[in-house]
Each structure stands twice: as structure tokens, then as C-alpha cells.
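Fold and geometry: a report
What follows is the residue order along each chain.
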Amino acid sequence: MATPRLTFLSGFAAALAGAAGAAVGWNAWQMLPIADPVLRGGAATLAGSLALLALWTPVVLVAQSQFRRLCQRVNTCASEGRPDAAPAPIWLRPVARAMNRPIELWAERATKLQSSMRETQIQLRVAEAERQHIETILHSLRDAVIVTNAFDELTMANAAAARLLGFDTANATDRSIDDLISDPELRQMIRDARSSGVANKQRHVEHELTGSAADRKDARSFDIALVCLPDPSGGCAGVVTILRDITRDKEISQMKSDFVSQASHELRTPLSSINAYVEMLIDGETQDEATRQEFYQIIKSEADRVSRMVDNMLNISRIEAGIQTAEYSDVDFVEVAEHVVETMAPQAKLKDITLSCRYGPLVYTAEADRDLVHQVIMNLVSNAIKYTPEGGRVTVSIENDDASRSILVTVADTGLGIPPEVKSRVFEKFFRVENYKRVAKGTGLGLNLVKHIVETVHKGQVGLESEVGMGSKFFFTIPYTQDDMASRLGAAA
Amino acid sequence: MTQTPAKILVVDDEAHIVHVVALKLRNAGYTVVTASDGEEALELAINELPDLVITDLQMPYLSGLQLCEKLRETKELAHVPAMMLTARGYSIAEEDLARTNIRAVLSKPFSPREVLERTKTMLAELIDEFPEADAA
């Protein structure tokens, strides 16, 4: 701020000095005794110039010196906010007074500007930090988020959006949605949201994404939320578009719906039998005692079937809710497997399937819940029989797997086999292999219950090896307890 | 009624259902043939030419609805009425009923008495509708 003040005052001093020099030159010319007007003119000019020079130098020097002092005082006073703390010389006081007010104003303005600049810098840093936070949050979202401006150009996009729509976030900013989004309907949605101009009003559209996303094998369903960003005039400055993949939610919803329908059917079937046989008995449609006894047995077995189904559903719910209580005891797996084989033999016989149990001379025991282990082997054998064509073979084998310190139970069949693309899903609740729904009925709960009982309750593992047309091998392990290991080692010794 | 008893085809993949329905109808004097899935039923229907088909809806290989469509498409069986026994009565749409010969839908759990009553009614309607078929 000192430089403009000095420059201004230098000019002022120079004007004063010039005026003084001119006055001296005029007086000198008036006193010269030269008659010739030309000579008189030249001499006058010279005399004037000399007089000017003679007077100019001290005047300028004095003026400069005073001026510097004045400047220093003015500057000091201005900077300390006390303009009258060190009074200027009397002859310069009017000038100083005249100068003080604008200098004070300039100083105030400068102070305000400095303060404002500091505030702006702080705000800038805060805004930058906030922007980074928002970007971090945006990038950590699973939902794809894109922000476009009033010209439908991209201003922000997260990583999920880049992956979904197939662009690079580094080069995408300021590019038109026509270049970045291949799905024409999505582009139109963004345009409509922007042109509708209703700020902060969220619209939701369910849409199956096509275009670059359709390069993948299956088109996926999205819940698309579009929000118009308000501008100061109340218009729409841009659009935030959030794409949530709801494909899986829809699948689960469909699976649940299928399950309710299937479970209802599965429960009604045995109930129908019970109802019909009871009515036949009431109506006296049976000719003899043997037929009546047969009906009683059928009613009993169908009632048991309903009971088993309800148990399956409740067991899964309990295990999922973490309230399943297991009653642990030393379980002889061979005894359990043989009991299952015996129970399922009539069902296997109906399809001419050879059902057998294989194990070595050792006693295969582990601490487990016998009823739950029974249910696991029963579900696996029941499935194997269901999906094995007539004349096939189902084998249950029990062995020790010392590598994993577990009992290993395998149920192998010569059935249809599981297609590789759905192998990872067969243990999911409600899941059924689409093409096999026609082959046999089921609720899609059996294998899920197997997984829950083995892995959640017994901390074991389930697995599957299968080849379409060659059969399947389902297996599970139940870990030895410390006591089991000790007794086994003791027996070996 | 004709002198020869009407022949009824009963189809269900649940052996107990087939058993109980067949017994009820046989006790009432009808001739009953049975099948345990849709494909077997279609083959049997072509060979046996039943007067009425009583079928489950949800069955392996060929559903009850598909079976009824096939019956309608088969010249000799196009007039044969069908009764659907199903736990999913709601899933049979009006247009499905219109393009097949399904004349009755009974929900499981069903009453064998009701099955018998509906059988009698449907066979009587069939005689009224196709007297020549009955005579044949």
C-alpha cells in the first residue's frame, strides 16, 4: 500500500517545485538589460532555465525529504490506526489531513480484504474436505450414482456407476450423457427429470438396463431414483441419478412367493390324503378290517409327513434366528446312516434303486445332535432317490477324515447331476434347479437345512461334486471333539 | 345310464390320492384306470379312451393343464371332460379353462364324496351333450 501513496505525493511535490521555479525565472528575465528582442528572448530563456534549475534542486530535495517523512508518519499512523499520534509539519498538515481519510479507508479495506481472504481460504479448505468426504462416501456406495448438469453433462460419478455404465471416471467429467450412457431410456429419464424442473422431488423408476450393461449375460433390474438439483432461480441445475440393482431382491421375492405356493401345495397333499381316507372310513367305504387297518396306517404316515415338513421349516427358522438348541451326545454315525437307509428302503425299492451303506471296521462317532444328523442324512438320501432314475444306485459312506479331524459322510448317486452354473446355489433357501422341478416335487428347503445343521450348528462343512448325467456326490463333515480324538487314539494304542 | 359302466382315468403323482379316488369310484360302480404322471396319463387316455379324466394339476413331466390341452388336441379325446384336483385352484386362469375341457376344479383337501357327485353330474351332462358318443 505504500507505493501508491508515495507516487501520489511525489507528483504533488513536483508540482510545488515547478511553480516555485517558474516564478524565479520570470523575475530574472524582467531584470535583464538586453535590447534586441531575439537576444533578449534567448537570454531570458537561459536565465529562466538557470534560475529554475537553481531553485528546483533544493526545493525538490526539501520536498522529497518532507514528503518521505510525511509518508512514513502517514503510513505509521495509518497502520497503527492513530493518524494523529505523530503530527506532520505545520505546512504539510492540510495535505496530511486531506490524505489521512482516504488512506484510512484504504487501510480498512485492506484489513477487511485480508480477513475476508483468510475466511475464504478456510472455507475453501473446509469445502475441499467436504467434497473429498462426499466423494469417498459416493465411491463407497454400492449403488451407482451419477450427477449431471443443466446441459446433461456428467459432473460426478462414483466407481459403481463407472463399472455399471462402462466408462472411466477420470475421463468422463464434462462429457455428454449421450457419449457415456448407452441405454436410451436411461438417457431420456435424466433429460425428463432435468426438464421437469421440479427440484428436490425424487422420482423412482424400475428399469431393466440394456446397452453396455447388456454385454453381460443377463440384463439386470434397477430401481432408478432421479432427483433434480435446484438452482438459485428455482429451476433445475442438474440431476442426481441413483441406480440400485434390485435383481437379487426380485429373485428372492420370486423365490419366496414360489416357496409359499410350493409349501402350501406340499402341505395340502398329505392333508388331502388324511381327509379323504378319514371320510372313506366314516362313509363305510372299506369292506374289511384289513383295508381299514391299511387306511389307518396311511393316515398315520401322511400325518407324519406333514409333521416332518413343518419341522423342516421351523428348524430352518430357528437356526437362522440363532435359537436352535442342539442336544449333543456321542453319536454313532453308522447307526444313524443305517437307520436312514432302512427307513428309505421302501421308497428306493419303488424305483428299483439300490440303496446301501458303506463303512470300515472302526467306530465312527462324534459329539453331535443325533436327531439333526439323522435329518441331514435323511434329506440327502431322499434327494438322491428323487433325482436318480429307475434302476440307479445310492450309496451312503462313512469314514474318518483325519486331515480335517472330522467324520466324513458321503451320499453318492447315479442320478441326473447338477449343472455347473447352479452348483453354488443348491444350498440356498428356496432354490430349485429349474429343469428338475418337473422331475420331482420339493420345497427347496432340504439342502438349506442340511447346510444350516452341519455348518451353523455343528461347525462342519457341506460340499458337492457333480457332473450332469453322471450323478452327484453330496458330502459333509462333523468335527471330532477332543474326547473323540483321545478315545480314538487310545483305541488305536 | 348305459349298460357298460363309464370309464374314468384318475391321474395323480400321489399314490394315496389315486388310491382313495379310484376306490371311491370303483365302489360306485365305475371302471377306473390310473396313471402317476401326465405323460403316462396321455398314453393311457389314447389307448383306453376314457369318458372322464380326473387329474392333479402339478405333476412331473406333463402338468394337469398340459395334459388337458393335449386331450383337447387329440381328435378321439377332444370331447372328454376333465376334473382338476388341485391345491392351486387360483392358478387356473379363465382362458385356460376356456381352451380345455376342464369342467370342474376341486381344491385339495377335497372330499371323495364331492368327487363322486361331480363325476355323476359331468357324465350326465356328457350324455346330454354327446348322446352319440355315449351310444358308441
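All of these numbers come straight from a predicted model, not from anything done at the bench.

Moving on, we come to the overall build of chain A. Each helix and strand counted, chain A has 13 helices and 12 strands in total. Looking at chain A as a whole, 27% of its 493 residues are labelled buried. Within chain A, residue pairs in contact and separated by at least 24 positions form 61% of the contacts whose partners lie at least 6 positions apart.

Turning our attention to the pairing of strand β3 (residues 52–56) of chain B. All names here are of chain B. Counted residue by residue, β3 has 5 buried out of 5 residues, so it is predominantly covered. Inspection of the sheet shows β3 paired to strand β4 (residues 82–86) by 4 bridges, in the parallel sense. In the strand pairing of β4, Asp56 is matched with Leu85. For the segment spanning β3, helix α3 (residues 64–73) and β4, crossover handedness is right-handed.

So, about the packing of helix α9 (residues 289–321) of chain A against helix α12 (residues 446–457) of chain A. Residue and element names in this part refer to chain A. At their nearest, the axes of α9 and α12 sit 10 Å apart, and the two run at 35° to each other. Regarding α9 and α12, the two cross each other, and that crossing is left-handed. On α12, the residues that touch Asn312, Asn315, Ile316 and Ile319 of α9 are Asn448, Leu449, His452, Thr456 and Val457. Of the residues belonging to the contact of α9 with α12, the class tally is 4 nonpolar, 5 polar and no charged.

Contacts between the two partners involve 20 residues from chain A and, on the opposite side, 18 residues from chain B. Going through the elements one at a time, α8 (247–282) and α9 of chain A are the ones with two or more residues in the side of chain A that touches chain B. For the side of chain A that touches chain B, the leading source of residues is α8(A), giving 13 residues. Of the residues that constitute the side of chain A that touches chain B, the class distribution is 7 nonpolar, 7 polar and 6 charged.

Our next topic: the packing of helix α10 (residues 333–350) of chain A against helix α11 (residues 370–386) of chain A. Residues and elements named next belong to chain A. Where α10 contacts α11, the two axes come as close as 9 Å, and the packing angle between them is 35°. Helix-helix and strand crossings are classified by hand; for α10 and α11 the assignment is right-handed. The residues of α11 that touch α10, namely those facing Phe333, Val336, Ala337, His339, Val340, Met344, Gln347 and Ala348, are Arg370, Val373, His374, Ile377, Met378, Val381, Ser382 and Ile385. For the contact of α10 with α11, a count of residues per class yields 11 nonpolar, 4 polar and 1 charged.

Before going further, it helps to examine the sheet that holds β3(B). All names here are of chain B. The 5 strands are arranged β2-β1-β3-β4-β5 in an open sheet whose pairing can be described as parallel. Each end of this open sheet is capped by a strand with a single partner; those strands are β2 (31–35) and β5 (102–107). Pairs of neighbouring strands in the sheet enclose a mean axial angle of 20°, with direction left out of account. In terms of strand pairing, strand β1 (residues 7–11) meets β2 through 5 bridges, oriented parallel. Each residue of the ladder has a partner; that of Leu9, found in β2, is Val33. Sheet strands in contact with helix α1 (residues 15–27) are β1, β2 and β3, and its direction is about 170° off that of β2.

A few words now on the sheet that holds strand β4 (residues 220–230) of chain A. All names here are of chain A. Strand order in the open sheet formed by 5 strands is β2-β1-β5-β4-β3, with antiparallel pairing between adjacent strands. Each edge of the sheet is formed by a strand with only one pairing partner; in this case those strands are β2 (154–157) and β3 (203–209). Adjacent strand axes in the sheet meet at a mean angle of 25°, parallel and antiparallel pairs treated alike. Note that strand β1 (residues 144–149) and β2 share 3 bridges and pair antiparallel. Bridging across to β2, Val147 finds its partner in Met156.

An α-helical turn contains 3.6 residues, so any two residues separated by three or four positions project in the same direction. All names here are of chain A. Helix length check: helix α7 (residues 184–196), at 13 residues, gives a terminal C-alpha distance of 18 Å against a target of 18 Å (1.5 Å per residue), a fit within 8%. Those residues of α7 that sit buried are Leu186, Ile190, Ala193 and Arg194. On an axial view of α7, the arc spanned by its buried residues comes to 100°, and they lie on one face. Residues of α7 that are exposed and angled more than 90 degrees away from the buried face: Pro184, Gln188 and Ser195. As for α7, its buried residues are in contact with β1, α6 (177–180), β3, β4 and β5 (236–245). Downstream of α7 by a residue or two, Gly197 has a phi angle that is positive, lying close to 70°.

Parameters and conventions
- Residues numbered from 1 in each chain as written.
- Chains lettered and ligands numbered in written order.
- Predicted model: local features only at pLDDT ≥ 70, side-chain atom pairs only at ≥ 80, totals over all residues.
- Helix = DSSP H or I, 4+ residues; strand = E, 2+ residues; numbered from the N terminus.
- Buried ≥ 20, exposed ≤ 12 C-beta atoms within 10 Å, placed from the backbone.
- Contact = placed C-beta atoms within 7 Å.
- Pairing = 2+ DSSP bridges.
- Right-handed = clockwise from strand over helix to strand, strands pointing away.
- Axes fitted to C-alpha atoms, helices over the stretch in contact; angles between N-to-C directions.
- Left-handed = near helix turned anticlockwise from the far one by under 90°.
- Nonpolar A, V, L, I, M, F, W, Y, C, P; charged D, E, K, R; others polar.
- Expected span 1.5 Å × (residues − 1).
- Arc of directions from axis to C-beta.

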